[in-house]
Amino acid sequence: MGNALVHSGDAAQPGSKPRPGWARRRLLRAAAWLALAPAGWAFAAEPLVIGQSLPLGSADDGSAARASAGARAYIEFVNASGGIRGRQLKLLTLDDGGDPRRHVDNLRQLVTQHKAVALLNCVGDAACAAGAQVARTEKVALIGPMSGAAALGRDANPYVFRTRATYAMEAEALTKQMLALGTSKVVIVTDRLPVSEGAAALQEAFARQRIASTVLDVDPSASASVARFRSEATSGRYHAMFVDMGVEGFALVSRLSQEASDRWPLFVTTFAAGNVNSLLTGFSGRVVGFTSVVPNPEVASIQLTRDLQEHAERFAGGGQAVTFAGMEGYINARICVDALRRASAAGMVDACGVLAAMNNMGSVDLGGFTANFSASPSAASDRVDIVVRSRSGHLLK
């Protein structure tokens, strides 16, 4: 380095004894030099690492990239504003390819090697369930799992802090919408058996309201299965169709939606997911609806959406952050940073401090969206909106 702490007049010459007081004078000069050094010069504290493992690339249905963009928008805003008491934040994202086992390995690496003080976001029931177990064993907070599964409530795992509504809440809201549309027969299209927890919750909600539901299992790679699905779904027997599928399944439904457009059920719907965009591009002349567990990111009617839009434009290139999944990632990042600020104020900026801050957080108003971690052990928010694309193609709430 260009600046040295050792001055030649004080240094002991080879073969000679140090002069009396040499060590003390050297220490005093070093202390004075440190005091006069410009703030942050060569002595900046290590950044606080926030870790997340997401399915990137072809394994992503769009949710992961958007959620990550939303989280990055807020974290970079915080960094540009001076960080947390001068310490910068580092959002470290590892790719798990949609494999829960890789997700577990990534999270352990983030905690043990990169010293992540909190884990943020996760996409999909299987990955989030695996991540919740890592949070428990490593004793670190998992903030904002993007899944409504029952096992992710704090009553099931005290290290998990979900900001979004549960599947049961989404199912109730969607069932009310079905009743309002006069729906009495629904086909649930899935590429997995047994059906997902979300679809099972919907079946239960339908049964309580005497809406008949039929499960149709489809293998997207088998032509006979696809033909059977197309024939049954367009038979005219159903008023609505609920899609409960993975990336390939949604791509199949989207492609088929271009065919026989006048014979599909009048209402096509799904839960909040990145795949919903593929439904919105098809099913001409049909009503397409989906649940939303966060405010509409494109309607700047509340402060939260205005903040997201500004921060996304300045720090994340807009685009992917200003989406429903982007909004969810942004909300989760804001909750995480709030916990870091509280931990810093208490002098405990580590995983234990963040966990303590989350346990004592209570209710937080983010500017039109409230997360209350003391109201319910299952979720900090029960907000569920139904977003509908009308038959004419307009998005309505």
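What counts and what doesn't
Residues numbered from 1 in each chain as written. Predicted model: local features only at pLDDT ≥ 70, side-chain atom pairs only at ≥ 80, totals over all residues. Heavy atoms only, no water. Helix = DSSP H or I, 4+ residues; strand = E, 2+ residues; numbered from the N terminus. Buried < 20%, exposed > 50% of the residue type's maximum accessible area, 1.4 Å probe, protein only. Contact = heavy atoms within 4.5 Å. Areas by Shrake-Rupley, 256 points an atom, 1.4 Å probe, with all protein chains shown as cover. Pairing = 2+ DSSP bridges. Right-handed = clockwise from strand over helix to strand, strands pointing away. Axes fitted to C-alpha atoms, helices over the stretch in contact; angles between N-to-C directions. Parallel < 35°, antiparallel > 145°, perpendicular 65-115°, else oblique. Nonpolar A, V, L, I, M, F, W, Y, C, P; charged D, E, K, R; others polar. Core = buried A, V, L, I, M, F, W, Y, C linked by side-chain atoms within 4.5 Å. pLDDT = per-residue confidence, 0-100. Phe/Tyr/Trp six-rings, centres within 6.5 Å; stacked < 30°, edge-to-face > 60°.

Engineer: Could you give an account of the overall build of the protein, with specific residues and numbers?
Structural biologist: Helix and strand counts for the protein stand at 12 helices and 14 strands. Out of the 397 residues in the protein, the part that is buried amounts to 49%. Within the protein, contacts between residues at least 6 apart in sequence are counted, and of these 65% link residues at least 24 apart. About 18000 Å² of surface is accessible on the protein, with carbon and sulfur atoms providing 52% of the total.

Engineer: Break down the pairing of strand β6 (residues 185–190) for me, with residues and values.
Structural biologist: With 5 of 6 residues buried, β6 lies mostly within the body of the structure. With 6 bridges joining them, β6 and strand β7 (residues 212–217) adopt parallel strand pairing. Looking at β7, one finds that T190 is bridged to D217. Following the chain from β6 across helix α6 (residues 197–208) to the adjacent parallel β7, one finds a crossover that is right-handed. Sheet topology note: the β6/strand β8 (residues 240–244) ladder contains 5 bridges and is parallel. Looking at the pairing, I188 lines up with F242 of β8.

Engineer: Tell me about unusual backbone geometry, residues and numbers included.
Structural biologist: Following L193, the chain continues into P194 via a peptide bond in cis, with omega recorded as 0 degrees. Inspection of the secondary structure puts P194 in the loop between β6 and α6. Phi at R85 is positive, roughly 55 degrees, even though this residue is not glycine. Counting through the fold element by element, R85 comes out in the loop between α2 (63–80) and β2 (89–95). The backbone phi angle of R210 is positive, close to 60 degrees, even though this residue is not glycine. Structurally, the position occupied by R210 is in the loop between α6 and β7.

Engineer: Explain the packing of α2 against helix α10 (residues 303–315) to me, and be specific about the residues and the numbers.
Structural biologist: At their nearest, the axes of α2 and α10 sit 8 Å apart, and the two run at 75 degrees to each other. Taken as axis vectors, α2 and α10 run roughly perpendicular relative to one another. The segment α2 lies against α10, with R72, A73, Y74, E76, F77 and A80 engaging H311, A312, R314 and F315. The residue makeup of the contact of α2 with α10, split by class, is 6 nonpolar, 1 polar and 3 charged.

Engineer: Before we move on, could you go through the sheet that holds strand β4 (residues 142–146) and cite the residues and values that matter?
Structural biologist: Read from one edge to the other, the open sheet built from 5 strands follows the order β2-β1-β3-β4-β5, with strand pairing classed as parallel. Whereas interior strands pair on both sides, the edge strands pair on one side only; in this sheet they are β2 and β5 (160–161). Helix-sheet contacts for α2 involve β1 (48–54), β2, β3 (118–123) and β4, and the interaxial angle to β2 is about 165 degrees.

Engineer: Please provide a residue-by-residue account of the nonpolar core, values included.
Structural biologist: By size, the foremost hydrophobic cluster in this structure holds 84 residues, and its most contacted members are L89, I143, I335, L340, V354 and M358. Not counting residues up to four positions away in its chain, the partners in contact with V354 are V117, A118, A141, I143, A339, L340, A343 and M348. M245, F250, L256 and F283 belong to the second-largest nonpolar core, a separate cluster that totals 20 residues.

Engineer: Could you give me a rundown of the confidence of the model for the protein, with the residues and numbers involved?
Structural biologist: Per-chain confidence: the protein averages 88 in pLDDT, with 88% of residues scoring 70 or above. Throughout residues 1–16 the model reports pLDDT below 50, and contacts reaching past four residues in sequence, or to other chains, amount to 16 contacts. Contacts from residues 30–43, a stretch scored under 50 in pLDDT, to residues over four places away or in other chains number 8 contacts.

Engineer: Explain the side chain of S68 to me, using residue names and the numbers behind them.
Structural biologist: Structurally, S68 can be placed in helix α2. Not counting chain neighbours up to four residues away, the residues in contact with S68 comprise Q52, L54, L91 and T93.

Engineer: Tell me what's going on with the packing of aromatic side chains, and back it up with residues and numbers.
Structural biologist: Centre-to-centre distance and the angle between the planes together describe a pair of aromatic rings. A complete count under the given rule lists 9 aromatic pairs for this structure. With 5.3 Å between their ring centres and 80 degrees between their planes, W264 and F283 make a pair best called edge-to-face. Residue W264 is located in the loop between α8 (247–256) and β9 (267–270), and its partner F283 is located in the loop between α9 (276–280) and β10 (287–292); the two are separated by 19 residues in the primary sequence. Pair check on accessibility: W264 and F283 agree, each one buried.

Engineer: Break down the environment of V226 for me, with residues and values.
Structural biologist: Following the sequence through the fold, V226 ends up in helix α7 (residues 223–233). C-alpha of V226 to C-alpha of L256: the two residues are 30 residues apart in sequence and 9.4 Å apart in space.

Engineer: Tell me what's going on with the pairing of β1, and back it up with residues and numbers.
Structural biologist: Here is the key point about a regular strand: its side chains alternate between the two faces of the sheet. Among the 7 residues of β1, 7 are classified as buried, and the element is accordingly described as predominantly covered. Burial along β1 is two-sided: L48, I50, Q52 and L54 and V49, G51 and S53, pointing in opposite directions, are all buried. Pairing analysis gives 7 bridges linking β1 to β2, with the strands arranged parallel. Pairing of I50 across the sheet is with L91, part of β2. With α2 bridging β1 and the parallel β2, this β-α-β connection has right-handed handedness. Across 2 bridges, β1 lies against β3 in parallel orientation. Its bridge partner being in β3, I50 is matched across the sheet by A118.

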